[in-house]
Amino acid sequence: MVTKIPNPIDKHVGSRVRMRRMLAGISQEKLGDALGLTFQQVQKYEKGSNRISASRLQQIAKMLDVPVSFFFDGAPTGDVTEVGFTDSAATTYISEFLATSEGVQLTKAFTRIKTGRVRRRIIDLVEALAESDSGPL
């Protein structure tokens, strides 16, 4: 049995839908209801296993109050690049993190902090914790 692998752009667009939906505090069920879909269909869109048509993407963009282009920001281009670290690899990693519930929670909480100095100290703390966590067990 052959398993179908989602297209990287479909996965990217789906993850951006998920990230924006979570930032807006909208459940898959609520988004599905507004679009006339089941929450399972929304799940398939977000995983990239089902493609989102242009008209449906326009509806989603309107519901989530973003331009359609938002869903393509940082999308893989398919261009062959040198092996190693690239900016697109870094943005993919960041986009994937931001599409998780932890990424959304952290982003929401962090953006509520208004003092630049406090934000900088939090960054320093997280970097220090990351360094100590990557050491030997």
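Everything numeric in this text was worked out from a predicted model, so none of it was measured.

Here is what the cut-offs are and how they apply
- Residues numbered from 1 in each chain as written.
- Predicted model: local features only at pLDDT ≥ 70, side-chain atom pairs only at ≥ 80, totals over all residues.
- Heavy atoms only, no water.
- Phe/Tyr/Trp six-rings, centres within 6.5 Å; stacked < 30°, edge-to-face > 60°.
- Lys NZ or Arg CZ within 6 Å of the ring centre and 35° of its normal.
- Core = buried A, V, L, I, M, F, W, Y, C linked by side-chain atoms within 4.5 Å.
- Buried < 20%, exposed > 50% of the residue type's maximum accessible area, 1.4 Å probe, protein only.
- Helix = DSSP H or I, 4+ residues; strand = E, 2+ residues; numbered from the N terminus.
- Contact = heavy atoms within 4.5 Å.
- Axes fitted to C-alpha atoms, helices over the stretch in contact; angles between N-to-C directions.
- Parallel < 35°, antiparallel > 145°, perpendicular 65-115°, else oblique.
- Polar contact = N/O pair within 3.5 Å; in protein donor to acceptor, adjacent residues only side chain to side chain.

### With respect to the packing of aromatic side chains
Aromatic ring pairs: the centre-centre distance and the angle between the two ring planes describe each pair. Applying the stated criterion to the full structure yields one aromatic pair. Note on Phe70 and Phe71: the rings are 5.5 Å apart at their centroids and 80° apart in plane angle, and the pair reads as edge-to-face. Here Arg16 stacks its cationic end above the ring of Phe70, 4.0 Å away from the centre of that ring.

### Observations regarding the nonpolar core
Ranked by internal contacts, the top residues of the largest apolar core, which has 18 residues, are Val17, Ile52, Ile60, Leu64 and Phe71. Of all elements in the fold, only helix H1 (8–23), helix H2 (28–35), helix H3 (39–47) and helix H4 (54–64) reach the threshold of two or more residues within this core. Top contributing element to this core by residue count: H4, with four residues. Among all residues touching Val17, those that are not within four sequence positions of it are Leu31, Glu46, Ile52, Ile60, Leu64 and Phe71.

### Things to note about the packing of H2 against H3
Between H2 and H3, whose axes approach to 8 Å, the crossing angle comes to 105°. In terms of orientation, H2 and H3 fall into the roughly perpendicular class. Contact with H2, carried on its side by Gln28, Glu29, Leu31 and Gly32, involves Phe39, Val42, Gln43 and Glu46 of H3 and no other residues of that element.

### Quick look at the environment of Thr100
Within the element layout of this structure, Thr100 appears in the loop between helix H5 (87–98) and helix H6 (101–112). Residues Thr100 and Met22, spaced 78 residues apart in sequence, show a C-alpha to C-alpha distance of 8.6 Å. Separated by 2.6 Å, the side chain of Thr100 and the backbone oxygen of Phe97 make a polar contact.

### A closer look at the environment of Ala24
You can see Ala24 is positioned in the loop between H1 and H2. In this structure, the C-alpha to C-alpha distance between Ala24 and Asp65, residues 41 residues apart in sequence, is 9.1 Å.

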